[in-house]
Amino acid sequence: MTTLVEVARRAGVSKSTVSNVIQGSAAVAEATRKRVEKAIRETGYRPNAIARSLRARTSHSIGMIVPDLSNPFHAALSVAVERAAKRHGYATLVAHTDCAPDIEIEVSRALFERRVDAVVIAGLSTGSDMPVSLLDNGIPVVLASFGGPSDQRLGSVDHDDIAAMESVVDHLFALGHRKFTFVSQSYAEQSGERRRQGFELALKRRGLVEVQRAQATAVVAHNDLIALDLIDEIERGGRMVPQDVSVTGHDDIPLAAHSRIRLTTVRSDATFMGERAIELVMRAMQAGGHVAHREIYTNPLVVRHTTGAAPQ
């Protein structure tokens, strides 16, 4: 999505000059106006959308971007954001991206055109520049459940995935496991890469390397949904959990605690993260600026029945 900054840079003027040309609200030299209009055409910028946004100032709506609404963790996070925003008189526009870069671009453009007042993002494809694009257009952004790029304008309510993976591997190592594997999700998400990195670091500290899944006695899943599918796959194949293979998840969705499953997992508080994200964006909007504040939390390992001693 082309930003106001890009138009200003191409035209060799300030952002305020570009805004004045779009709004027609201030005197701008004819030569300057033509340069700006030419830059708008060349960059594909959508001046009608920004003009509406500038005139209205606020839409009393907040964008919520999630990579996978079928994941109960993301669904709970979205509900928490929606309820918290509603208490402040704001509607929530939820978009599901599958962590696909092309969908992220379209979603970013759509939220911008609808003049959302802020955006909460629960997951992005690796290398995505969506947060920076939104920030460049004056929209406060909070990342919920991951850290994202280093831009100081960003807000984040994050959890320490590296520490979480250390606690998972430490638990399994203490049970005698030495053959580990990590199972990722089907799409490339920033938090997914971070969890894998934490897993690999934890193995390295113990002088271990990852093995093939068929050889593993301990399987660490990126999230609870993957862990539940793995348990089903393992037991359909004739092995038992945890007697033959231990399995861990991440997030502690409600189903993880079911008496027939009792999944060992890392607990992430989706409701807290959603509510805290709205607190931060509301504070930023009231101050007329960006969130520019980051928080990181350590999530506990919840040991249940899907992990046990390594088979002899």
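Note that this is a predicted model, so its numbers are computed, not measured.

Draft legend 1. Representation of the overall build of the protein chain within the structure. A tally of helices and strands in the protein chain yields 11 helices and 11 strands. Its C-alpha atoms give the protein chain principal-axis dimensions of roughly 80 × 40 × 30 Å. Burial status across the protein chain gives 53% buried among its 312 residues. Summarising the internal contacts of the protein chain: among those between residues at least 6 apart in sequence, 71% fall at separations of at least 24. Here the protein chain has roughly 14,400 Å² of accessible surface; of this, 49% comes from carbon and sulfur atoms. Averaging the coordinates of the 37 positive side-chain charges in the protein chain and doing the same for the 36 negative ones gives two points 5 Å apart.

Draft legend 2. Structural detail: the sheet that holds strand β1 (residues 61–66). Taken together, 6 strands build an open sheet; the order of strands is β2-β1-β3-β4-β5-β10 and the sheet is parallel. Edge positions in the sheet fall to β2 (91–96) and β10 (293–297), since each of these pairs with one other strand and no more. Here the average twist between neighbouring strands, direction ignored, is 15°. The pairing of strand β3 (residues 118–121) with strand β4 (residues 141–144) spans 3 bridges and is parallel. Paired with Ile-121 across the strands is Leu-143, a residue of β4. Together, β1, β3, β4, β5 (155–159) and β10 form the strand contacts of helix α11 (residues 270–287), whose direction differs from that of β5 by roughly 160°.

Draft legend 3. Structural view of the environment of Val-302. With respect to the helices and strands, Val-302 occurs in strand β11 (residues 301–302). By relative accessible area, which is 15% here, Val-302 ends up buried. Val-302 has contacts with Asp-252, Leu-263, Thr-264, Thr-265 and Arg-267, leaving out every residue within four places of it along the chain.

Draft legend 4. Highlighting the pattern of salt bridges. Counted under the stated rule, the structure contains 20 salt bridges. Close ionic contact of Glu-42 with Lys-38 constitutes a salt bridge, the shortest N to O distance being 2.4 Å. With Glu-42 and Lys-38 both in helix α3 (residues 30–43) and 4 residues apart, this pair spans about one turn of that helix. We classify Lys-38 as partly exposed; its relative accessible area is 44%. Close ionic contact of Arg-236 with Asp-232 constitutes a salt bridge, the shortest N to O distance being 2.9 Å. Remark: Asp-232 and Arg-236 occur in helix α10 (residues 224–236); sequence separation between them is 4 residues, near one turn of the helix. You can call Arg-236 exposed: its relative accessible area is 70%.

Draft legend 5. Expanded view of unusual backbone geometry. With omega at 5°, the peptide bond leading from Val-241 into Pro-242 counts as cis. Its location among the elements puts Pro-242 in the loop between α10 and β8 (246–251). Of note, Asp-98 is a non-glycine position whose phi angle comes to about 60°, a positive value. Residue position: Asp-98 is located in the loop between β2 and α6 (101–113). In this model, Cys-99 sits at a positive phi of 55°, which is unusual for a non-glycine residue. Topologically, Cys-99 is positioned in the loop between β2 and α6. Residue classification places Cys-99 among the buried positions, given a relative accessible area of 6%.

Draft legend 6. Geometry of α11. Here α11 contains 18 residues, and its C-alpha end-to-end distance of 26 Å stays within 8% of the 26 Å for a straight helix at 1.5 Å per residue. If you check which residues of α11 are buried, you get Ala-270, Met-273, Gly-274, Arg-276, Ala-277, Ile-278, Leu-280, Val-281, Met-282 and Ala-284. Where α11 is buried, its residues contact β1, α5 (72–87), β3, β4, β5 and β10. Where α11 begins, one side-chain oxygen reaches toward the backbone nitrogen of Thr-271, 3.3 Å away; that side chain belongs to Asp-269.

Draft legend 7. Representation of the nonpolar core. If you look at the biggest cluster of nonpolar residues, it comprises 41 residues, and the most contacted ones within it are Ile-62, Leu-77, Val-120, Val-247 and Ile-278. Where this core is concerned, the elements lending two or more residues are β1, α5, β3, β4, β7 (218–221), α10 and α11. Broken down by element, this core gets its largest block of residues, 8 residues, from α11. Contacts of Leu-77, omitting those with residues within four sequence positions, involve Met-64, Ala-122, Ala-144, Ala-270, Met-273 and Gly-274. If you look at the next biggest cluster of nonpolar residues, it comprises 30 residues, including Leu-111, Leu-124, Val-141 and Leu-143.

Draft legend 8. Summary view of the confidence of the model for the protein chain. Overall, the predicted model of the protein chain reaches an average pLDDT of 90, with 93% of residues at or above 70. Taken together, the stretch residues 49–56 has pLDDT below 50 and engages in 11 contacts with residues farther than four places along the chain or on a different chain.

Reading the values: rules and limits
- Residues numbered from 1 in each chain as written.
- Predicted model: local features only at pLDDT ≥ 70, side-chain atom pairs only at ≥ 80, totals over all residues.
- Heavy atoms only, no water.
- Helix = DSSP H or I, 4+ residues; strand = E, 2+ residues; numbered from the N terminus.
- Buried < 20%, exposed > 50% of the residue type's maximum accessible area, 1.4 Å probe, protein only.
- Contact = heavy atoms within 4.5 Å.
- Areas by Shrake-Rupley, 256 points an atom, 1.4 Å probe, with all protein chains shown as cover.
- Lys, Arg positive; Asp, Glu negative; His and termini not counted.
- Charge placed at Lys NZ, Arg CZ, Asp CG, Glu CD.
- Pairing = 2+ DSSP bridges.
- Axes fitted to C-alpha atoms, helices over the stretch in contact; angles between N-to-C directions.
- Salt bridge = Lys/Arg side-chain N within 4 Å of Asp/Glu carboxyl O.
- Expected span 1.5 Å × (residues − 1).
- Polar contact = N/O pair within 3.5 Å; in protein donor to acceptor, adjacent residues only side chain to side chain.
- Core = buried A, V, L, I, M, F, W, Y, C linked by side-chain atoms within 4.5 Å.
- pLDDT = per-residue confidence, 0-100.

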